[in-house]
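# Structural features, examined
Chain by chain, the residues:
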Amino acid sequence: MYNKRKNRPLLTAIFLIIATYFFFFWLPSTKTHRVRLPKPISRKDSTIREDAIRLDKVTERFPVTEYIPLPKGSAKIPRIQHKFPKETSSERKARLEKRDAVKEAFLHSWNGYKDHAWMRDEVKPRTGGYQDSFNGWGATLVDSLDALVIMGLDDELQLALEALEEIDFTTTKSRHVPLFEIVIRYMGGFIAAHDLTKGKHPILLRKAVELGEMIFNAFDTHNRMPQLYWEWTRSAQGKEITPSSRTSLAEMGSLTMEFTRLTQLTGDPKYYDAVQRIMNELQIGQDKTRMPGLWPTWINTDLMKFDDSEFTVGGAADSAYEYLPKEHILLGAQTDKYHRMYEKAIKTFNENLLFRGMTQDADQHILFAANAVAQWGDSKTLQYAPDHLKCFMGGTVAIGAKVFNRPEDMYVARGLTDGCVWAYDVMPTGIMPEIFKVSPCKDMDECPWDEEQWMSDVMSRSIDTEEDREKARVRIEAESLPPGVTSVRDASYKLRPEALESLFVMYRITGDKTLQDSAWRMFQNIDKATRTNFGHSSINDVRNSNPKHQDKMESFWLAETLKYLYLIFSEPNHISLDDYVLSTEAHPFKRPKN
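Bear in mind that the values here come from a model prediction, so they are computed numbers and not experimental data. (Residues numbered from 1 in each chain as written. Predicted model: local features only at pLDDT ≥ 70, side-chain atom pairs only at ≥ 80, totals over all residues. Heavy atoms only, no water.)

### A closer look at the confidence of the model for the chain
Predicted coordinates in regions of low pLDDT should not be interpreted in detail. Rules: The predictor attaches a confidence to each residue, called pLDDT, with possible values from 0 through 100. A contact between two residues is defined here by any heavy atoms of the two lying within 4.5 Å.
Taken over all residues, the pLDDT of the chain has a mean of 93, while the share at 70 or more is 93%. Note on residues 1-7: pLDDT is under 50 here. Beyond four places in sequence and across chains, it has zero contacts. Across residues 20-34 the pLDDT falls below 50, and counting only partners more than four positions away or on other chains, this stretch makes seven contacts in the model.

Take a look at the structure:
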């Protein structure tokens, strides 16, 4: 009896040790990093052609003799983000439920890609096939790297990191390399994931450098302007390449952030030098266009001429304007170059392209950006055609208002953002079409609803008789035109992020929770209309409450659209705009410290 009592504490201790062991090492862990996910089946085409060309070391035909130096240090930049008050427990619970719903949508699309298109560029979300749209180097995989980090998907990130070794940037079956798309999706993805993980995974910077070394050859032209649709096999064979006589402004002006950050991380000056040569030319040409302050949509980069007549801040131009304040931030305000260029651009934009849309609610102040065809002098023709790609502008103007101390522009930034939200809300699916037209207000301040004016704009002529009105009503019904919308040129939705991008930026700057409400409403509508078995798909017509899926899911759906939604419902200090600057592909680059 005595001996049993004596051994009881010892037996109890042994039992507790064994129980603890089983609890921590045998029971399923709740921590994701303890789970080892199965390796996805690679869909990569690994066949090697006997005639395959590889781009190894290439002798430059037009080498740079002296590089433009990277500015050092950082000046003080005004605070961007709102000082958010502490949220209540009920507010936090509701916010996290929305954030987790976005994360579930992300995982649904990510798993569709992982299971059916791993190592390819895109999954076909309706049929489960795959396609290579960007040279077959795994665009969705690389573009999504930083989203995996941001959403805390550590095991998925580990699978992606292991797959990166298989990407070979020295060759592709594609005849051309689209420089802009490759830089923003691949290089941006590598750099952002590197910055967010604080250099923990060396392969990320190594692959960014591999890509940079390869694609730097596209700048080896007579004037160092890149060949944007690069004939890479000519470079591989030592043949000369030339810049294009018709290059889009966006492709020319939207390489700065990625190349600047690569120089900041590696110390190699050639990347920063390459893009600064472009921006020097754009700065010289900014006052020599048909609409001084803005650049034409198309530029002759072979002769460096800026005499084209089309002007827009939408497709083919958009991100060139977006990068002006963002490059200023990334350079730590060490040069006034981008400040001056932005000031000229925003002044001309406000005076020439900005307009108010007429709505049934006269108190609703929504703004849009027009397109212009300009002649030399003051003569120009405006097209009141908003498009989804222009929806970035609200966020860009808001950032410019903060960093360049232009508080008067916040009114414009909010109006542009609200205009895109309105365009979502008035459509039957709750989703904005790709390109449409609206009735412009004659006055920016006073704009009562005028149904006859709307009908006139629909018909592109005056309404004089009841017969004219009936014809207008027939067209409005046939084309499912909401009040204020005069035509829909492209009714599709391509999973684009730009409207949500501006909502994210405006929310982080103002703290206005109604912007979160708009984002949640938009997410629910998008998820409902686009969800398929293997991801989310572009749809053909936002006017149809049951649209057709087009079996297309570009990498920006994961890299941008869902990332912005996730961040809208995350804690405000998660990827703070005072710590990071986001590229046009929503890749966060670490800002230099003051």
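### Examining the state of the cysteines
Quick reminder of the rule: Disulfides are defined in this document as cysteine sulfur pairs within 2.5 Å. Counting from the N terminus, the helices are DSSP H or I runs at least four residues long and the strands are E runs at least two residues long. Each residue is placed in one exposure class: buried if its accessible area under a 1.4 Å probe, protein chains only, is under 20% of its type's maximum, exposed if it is over 50%, and partly exposed if it falls in between.
Throughout the structure, instances matching the rule amount to two disulfides. Residue pairing for Cys391: its cysteine sulfur links by disulfide to Cys420, the two sulfurs lying 2.1 Å apart. Taking the sign of the S-S torsion, about -100° here, the bridge from Cys391 to Cys420 comes out left-handed. Placement of the pair is Cys391 in the loop between strand 11 (380-383) and helix 14 (393-403) and Cys420 in helix 15 (residues 410-425), with a sequence separation of 29 residues. Like Cys391, the residue Cys420 is buried in the burial classification.

### Details of the sheet that holds strand 11
Rules: DSSP calls a pair of strands paired once it identifies at least 2 bridges connecting them.
Spatial ordering of the open sheet is given by 7-10-11, a layout of three strands whose pairing is antiparallel. Edge positions in the open sheet fall to strand 7 (310-311) and strand 11, since each of these has one partner strand only. Where strand 10 (residues 371-374) meets strand 11, four bridges bridge the pair, whose relative direction is antiparallel. Residue pairing for strand 11: Ala374 is matched across the bridge by Lys380.

### Some words on helix 5 (residues 154-163)
In terms of burial, helix 5 is largely enclosed, as seven of its ten residues are buried. Among the residues of helix 5, Asp155, Glu156, Leu157, Leu159, Ala160, Leu161 and Ala163 are the ones counted as buried. Tucked inside the fold, the buried residues of helix 5 contact helix 2 (89-116), helix 3 (139-143), helix 4 (145-150) and helix 7 (202-215).

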